[in-house]
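# Breakdown of the fold
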Amino acid sequence: SEEDHPLDARIRRLFINEMPEGPAEDRDELWPGQRSVVRKLRRALLESGAGRAVSFLSRMNLRTLLAAPAHIRVAVAERSYPPLRPLPDEEETLRRRLYPQAHALAVLTERTARDWAHAFMPRDKVHVIPNPARPFGPDKGDAGESTALPAEYIAACGRLVSLKGFDRLLRAFASFHRLFPGPGLVLIGDGPELASLKCLARELGLEGVVLFTGHLRRPEAVMRNALFFVLSSRVEGFPNALLDALASGMPCIAADCPTGPAEMIEHGRNGLLYPPDNVEALAAHMANLYKEKGLRDSLGANAAILAGRYAEKDMAEKWAALF
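Computed from a predicted model, the values in this text were never measured in an experiment. (Residues numbered from 1 in each chain as written. Predicted model: local features only at pLDDT ≥ 70, side-chain atom pairs only at ≥ 80, totals over all residues. Heavy atoms only, no water.)

### Observations regarding the pattern of salt bridges
- According to the stated counting rule, one finds 15 salt bridges in the structure shown.
- Residue R134 is joined to E312 by a salt bridge in which the shortest nitrogen-to-oxygen separation is 3.1 Å. Here R134, found in the loop between β4 (126-128) and β5 (153-157), pairs with E312, found in helix α12 (residues 312-322); they are 178 residues apart in sequence, far enough to count as distant.
- Residue E312 is classed as partly exposed on the basis of its relative accessible area, which comes to 42%.
- For E266, the salt bridge identified is with R269, shortest N-O distance 3.1 Å.
- Assessed through its relative accessible area of 30%, E266 is described here as partly exposed.
- On the accessibility criterion, R269 (42% relative accessible area) is partly exposed.
- Among the charged side chains, a network of salt bridges with common partners joins E78, E92 and R95. (Salt bridge = Lys/Arg side-chain N within 4 Å of Asp/Glu carboxyl O. Helix = DSSP H or I, 4+ residues; strand = E, 2+ residues; numbered from the N terminus. Buried < 20%, exposed > 50% of the residue type's maximum accessible area, 1.4 Å probe, protein only.)

Written out as structure tokens, the structure is:
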């Protein structure tokens, strides 16, 4: 939002159309009504006088490449790991036809560049630009909108959808809780799986032990006081919550899923990785990290240092080089 990220006065913001309600992954239709959107976008690009355009997200990239006049150089940016989140067949065919027309392709991870982007353009036209790390700001002694936090707790954060693997986290935490009944689990976020996850927590005997906070505008206010942070995703693009937690010096456990965590974490040095489908391994890491305060301290200290590789200034310079 502009409240969180105010726009420079030189930026002009235009609304081409109203997108359907709901997250992008829930929208199945690209083309109904899109001809007019492409026409409006083409007109806006012509009227802007711009010589370059940068587009984000798969379907918007298709619209932009269809709309852009020949004299405008277009860069397209992917924010996920497309092999595991393909578009419907017709749109994948269109992507294979249109993406080679782009002048550059920006992706979040080296793996995406290596495994996928080569199908569209030469490696020198592919730019790996991760998201920047944003360490938590000063602790104002405010836990945000959430109340009644446990005295000790483990934190997780993300949209409550299957891809985030919170069902696996709950099962791992149930095993952990049988050995160490003191700490709670705080899940920050909202989404369509909220009811089913609450039901699973009850089935696992975790009612009253797991706190679902819903969406928080300042999740860091809760995360910063956690024992450690867990990312349980089945697949990621480049997990901001994990990166920000690492940059803030939090000890972290992450699923070694495609893609992102393994490029941020050196296992055993600045965090812990586990196979994403191995609930027992996650539970064991949680138990070990809870028991070993020295390990938590060393992982957190190294995390804050190594996350310097993703400094906002450096990532901005990568975008400037692409422009």
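### A short note on unusual backbone geometry
- Cis geometry marks the peptide bond from P258 to T259; its omega dihedral reads -10°.
- Looking at where T259 falls in the secondary structure, it is placed in the loop between β9 (252-255) and α9 (261-264).

### Brief notes about the packing of helix α1 (residues 34-48) against helix α2 (residues 58-67)
- One can describe the packing of α1 onto α2 by two numbers: an axis separation of 8 Å at closest approach and a directional angle of 60°. In terms of orientation, α1 and α2 fall into the oblique class. Note on packing geometry: the crossing formed by α1 with α2 is right-handed. Contacts between α1 and α2 involve Q34, V37, V38, L41, R42 and L45 on the former and, on the latter, M60, R63, T64, L66 and A67.
- Of the residues contributing to the contact of α1 with α2, the split by class is seven nonpolar, two polar and two charged. (Axes fitted to C-alpha atoms, helices over the stretch in contact; angles between N-to-C directions. Parallel < 35°, antiparallel > 145°, perpendicular 65-115°, else oblique. Left-handed = near helix turned anticlockwise from the far one by under 90°. Contact = heavy atoms within 4.5 Å. Nonpolar A, V, L, I, M, F, W, Y, C, P; charged D, E, K, R; others polar.)

### Focus on a positive patch on the surface
- Taken together, the side chains of R35, R39, K40 and R43 present a region of like positive charge at the surface.
- For K40, a relative accessible area of 37% translates into the label partly exposed. (Patch = residues over 30% accessible without salt bridge, like charges linked within 9 Å, V, L, I, M, F, W, Y side chains within 5 Å. Areas by Shrake-Rupley, 256 points an atom, 1.4 Å probe, with all protein chains shown as cover. Lys, Arg positive; Asp, Glu negative; His and termini not counted. Charge placed at Lys NZ, Arg CZ, Asp CG, Glu CD.)

### Quick look at the sheet that holds β4
- Overall, parallel pairing links the four strands, which are arranged β1-β2-β3-β4 in an open sheet. The strands lining the two open edges of the sheet, one partner per strand, are β1 (52-56) and β4. Each strand of the sheet is rotated relative to its neighbour by a mean of 20°, with strand direction disregarded.
- Relative to strand β3 (residues 104-107), strand β2 (residues 73-77) is paired through three bridges, and the arrangement is parallel. Each residue of the ladder has a partner; that of A77, found in β3, is A106.
- The strands touched by α12 within the sheet are β1, β2, β3 and β4, with β3 carrying the most contacts at an inclination of about 165°. (Pairing = 2+ DSSP bridges.)

Read these as geometric descriptors, not functional statements.
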